[in-house]
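# Secondary and tertiary structure notes
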Amino acid sequence: MDVTTVFGSVILLHTFFYYLDRYLKGKNSQRYASFLNRFPVQIDFMNVRWTTSMFNKALSSWAMMRLRFLSKWYNIGTVITLLLCIPSLILLGSTALVSFENMMDSKKEEAMLQPVVPGVNLPSYDLPYYLITLLVCTVVHEAGHAIAAVSDQVPLVSVGLILWLIIPAAFVELPTSNVVGLSPWKQLKIYCAGVWHNIVLSAMAFAVLMMLPILLIPLFQSGAGVSVVNLNAYSTDGHHDFQVGDQLTQINDCRVTGVESWRLCLTAVLLESSGFCLDNSYLASSSSSDQLGCCNDSEFSRSHLCFLSSPDLVPKKYHCLRAREVSQLSSAWCSNHKGCSAVNQSCLMPSFHSESVNETDSSRLIIVKRKSADPVLFAGLPNEIYLSVYVSDYVPRIFIGSQFINFIEHLLKYISSFSAGLAVLNVVPCIFMDGHHIVGALSEIVFEGRGSISMKRQTQYALVFLGTSLVVINIAFGVLTLFL
């Protein structure tokens, strides 16, 4: 299903449940009222909210047993979060400039921070990673606020989850009067706790990601090729097609050791033309009455491929041969006749030249070697393979497939980058974000006993205006860059 279909289905479901909720409430359904008492779900237009206080006591008890540690933990977190404020503003400013330059010059250079739009710059197959990451990051973020508040004797009202369309998020409700009644430093700790947790989560995800090859040595091997973990719109009907779980070791004459070499080898196919060294006796015995047939889209071309003698031979000769047979009988790769060591051999290059229309496309004959399986022969463009065959560095040693590890690795990448991005955005003094409250508490500390109240408020308004403007400009420029 594409992204449009998914969002269309989700909107229909939200609309259905919204009007069903209104209908049952209007009918004063006792069963529905009993259900809502047991499961406190609130259904609004295009969002569903679940709220509970069942975790309040357990969370408070856990925090009370670790007050000394939590005090040091959030003191450190507050200092680190405050140190992040200025770099975050600079990053947003530079990102806005990059996005503006991209718009003016019609470039596609990626900025460090950019809005994510499913189906545009977020592939549809990455949507589950995106949703799981958002849920994890917001739960960890809100847990920071909750634990910091409880450790400073602020009771929890409730915690909950909200689903807006398909985007999940967590939230914490705290009594405003209790928070405002705290000292500015304690308020600051509570406001900074969410950002601090996102920083820690990002660092932990990145550390695990870097250590993953070492941690997985008993189960997986690296440097021995790549493993196919997913096929997107690629046909696997034939015996010689790619299959999930294949270990790919070579592309033409280029050895594959990992994902990066996989990409480089596919790129090399476009830059270099590779031929096959074949015995002249085989070419003589395989001659066909219609040697140009498979070069002119005839019936013969369905089972054979057109090969051309190397450029250094005059006159050039065409040969219509079976590609798999040629690859199996070839003694070496070559780019011209001199590349073949034997005197009685010729260098044949796959030809996609059409005599009927007198044009040449950039297609290639690509041979991908697999361990414990026949090679895959692919006639076409290398990017077709790159975009449809997803591979992993982790080749399983035992029965455990690399799909699970690829999922974990991909999820760690998302969590590391998204959690860092949320930390940067939330620390910015933007309205409706943590940075707005952080500026308020910080100004109370800075201006305590100094200056007038009006100066303090003007400073707050100026910082919030600057932060909000930067966030709005970045979102606007980022979205325009994606669609222009």
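Looking up the chain in an unreviewed UniProt entry gives the name Membrane-bound transcription factor site-2 protease, with the organism given as Daphnia pulex. Heading Subcellular location (unreviewed entry) of the UniProt record for the chain holds this comment: "Endomembrane system".

Moving on: the packing of aromatic side chains. One pass over the full model with this rule turns up 14 aromatic pairs. Ring plane angle 75 degrees and centroid distance 6.2 Å describe the contact between Phe-276 and Phe-307, whose orientation is recorded as edge-to-face. Placement of Phe-276 in strand 9 (residues 275–279) and of Phe-307 in strand 10 (residues 305–309) is noted, with a sequence separation of 31 residues between them. The same class applies to Phe-276 as to Phe-307, namely buried. An angle of 40 degrees between the planes, with centres 5.0 Å apart, marks the rings of Phe-276 and Trp-333 as tilted.

We now examine the packing of helix 4 (residues 67–105) against helix 5 (residues 127–151). Direction vectors running N to C along helix 4 and helix 5 enclose 125 degrees, while the axes themselves pass 10 Å from each other. In terms of their interaxial angle, helix 4 and helix 5 are classed as oblique. Crossing hand, helix 4 versus helix 5: left-handed. Listed contacts from helix 5 to Leu-67, Leu-70 and Tyr-74 of helix 4 are Ala-143, Gly-144, Ile-147, Ala-148 and Ser-151. Here the contact of helix 4 with helix 5 is built from residues that sort into 6 nonpolar, 2 polar and no charged.

This paragraph deals with the nonpolar core. Membership of the largest hydrophobic core comes to 27 residues, with the highest contact counts inside it found for Tyr-74, Val-154, Leu-156, Ile-190 and Ile-438. Listed by contribution, the elements that provide at least two residues to this core are helix 4, helix 5, helix 7 (184–215), helix 12 (402–427) and helix 13 (434–446). Broken down by element, the residue count for this core peaks at 8 residues, all from helix 7. Setting aside anything within four residues of it in sequence, one finds Ile-438 in contact with Thr-81, Leu-82, Leu-188, Tyr-191, Cys-192 and Val-427. Listed in part, the 24 residues of the second largest apolar core include Leu-209, Leu-411, Ile-415 and Phe-418.

Now for the UniProt feature "transmembrane region" (unreviewed entry) in the chain. Under the UniProt annotation, the feature "transmembrane region" (unreviewed entry) is placed at residues 6–24, 73–98, 127–144, 156–175, 195–217 and 461–483. Split by type, residues 73–98 is 100% helix and 0% strand. Its first and last C-alpha atoms lie 36 Å apart. Secondary structure across residues 195–217 divides into 91% helix and 0% strand, with the first and last C-alpha atoms of the span separated by 34 Å.

In a beta sheet, neighbouring strands are held together by backbone hydrogen bonds and run either parallel or antiparallel to one another. Taking strand neighbours across the sheet as the criterion, the 5 strands line up as 11-10-13-9-12 in an open arrangement whose pairing is antiparallel. The open sheet is flanked by strand 11 (318–321) and strand 12 (333–334), the only strands paired with a single partner. Relative to strand 12, strand 9 runs antiparallel, the two being bridged by 2 bridges. Pairing of Phe-276 across the sheet is with Trp-333, part of strand 12.

The next point concerns the packing of helix 7 against helix 12. At a closest axis distance of 8 Å, the pairing of helix 7 and helix 12 adopts a crossing angle of 155 degrees. Taken as axis vectors, helix 7 and helix 12 run roughly antiparallel relative to one another. Read as a crossing pair, helix 7 and helix 12 show a hand that is left-handed. Between helix 7 and helix 12, the residues in contact are Val-195, Asn-198, Ile-199, Leu-201, Ser-202, Ala-205, Phe-206, Val-208, Leu-209 and Leu-212 and Glu-409, Leu-412, Lys-413, Ile-415, Ser-416, Ser-419, Ala-420, Leu-422, Ala-423, Asn-426 and Val-427, respectively. Taken together, the residues of the contact of helix 7 with helix 12 break down into 14 nonpolar, 5 polar and 2 charged.

A few words now on the state of the cysteines. Linking two cysteines covalently via their sulfur atoms produces the bond known as a disulfide. Tallied over the entire structure, the rule returns 3 disulfides. The residue that forms a disulfide with Cys-277 is Cys-340, at a sulfur-sulfur distance of 2.1 Å. Taking the torsion about the sulfur-sulfur bond, which here is approximately -95 degrees, the covalent link between Cys-277 and Cys-340 counts as left-handed. Remark: Cys-340 occurs in the loop between strand 12 and strand 13 (345–350) and Cys-277 occurs in strand 9; sequence separation between them is 63 residues.

This next bit is on helix 5. Under the 1.5 Å per step criterion, the end-to-end length of helix 5 is 36 Å for 25 residues, consistent within 8% with the ideal 36 Å. A positive phi of about 70 degrees marks Gln-153, the residue just after helix 5.

All right, on to the pattern of salt bridges then. Taken as a whole and assessed by the stated rule, the structure comprises 6 salt bridges. The partner of Lys-456 in a salt bridge is Glu-444, and the shortest N-O contact between them spans 3.0 Å. Highlighted residues: Lys-456 in helix 14 (residues 453–483) and Glu-444 in helix 13, separated in sequence by 12 residues. For Glu-444, a relative accessible area of 34% puts it in the partly exposed group. Residues joined in a network through salt bridges with shared partners are Asp-21, Arg-22 and Lys-25.

About the thresholds
- Residues numbered from 1 in each chain as written.
- Predicted model: local features only at pLDDT ≥ 70, side-chain atom pairs only at ≥ 80, totals over all residues.
- Heavy atoms only, no water.
- UniProt positions renumbered as here; feature names shortened; annotations may be inferred.
- Phe/Tyr/Trp six-rings, centres within 6.5 Å; stacked < 30°, edge-to-face > 60°.
- Helix = DSSP H or I, 4+ residues; strand = E, 2+ residues; numbered from the N terminus.
- Buried < 20%, exposed > 50% of the residue type's maximum accessible area, 1.4 Å probe, protein only.
- Axes fitted to C-alpha atoms, helices over the stretch in contact; angles between N-to-C directions.
- Parallel < 35°, antiparallel > 145°, perpendicular 65-115°, else oblique.
- Left-handed = near helix turned anticlockwise from the far one by under 90°.
- Contact = heavy atoms within 4.5 Å.
- Nonpolar A, V, L, I, M, F, W, Y, C, P; charged D, E, K, R; others polar.
- Core = buried A, V, L, I, M, F, W, Y, C linked by side-chain atoms within 4.5 Å.
- Pairing = 2+ DSSP bridges.
- Disulfide = S-S within 2.5 Å.
- Expected span 1.5 Å × (residues − 1).
- Salt bridge = Lys/Arg side-chain N within 4 Å of Asp/Glu carboxyl O.

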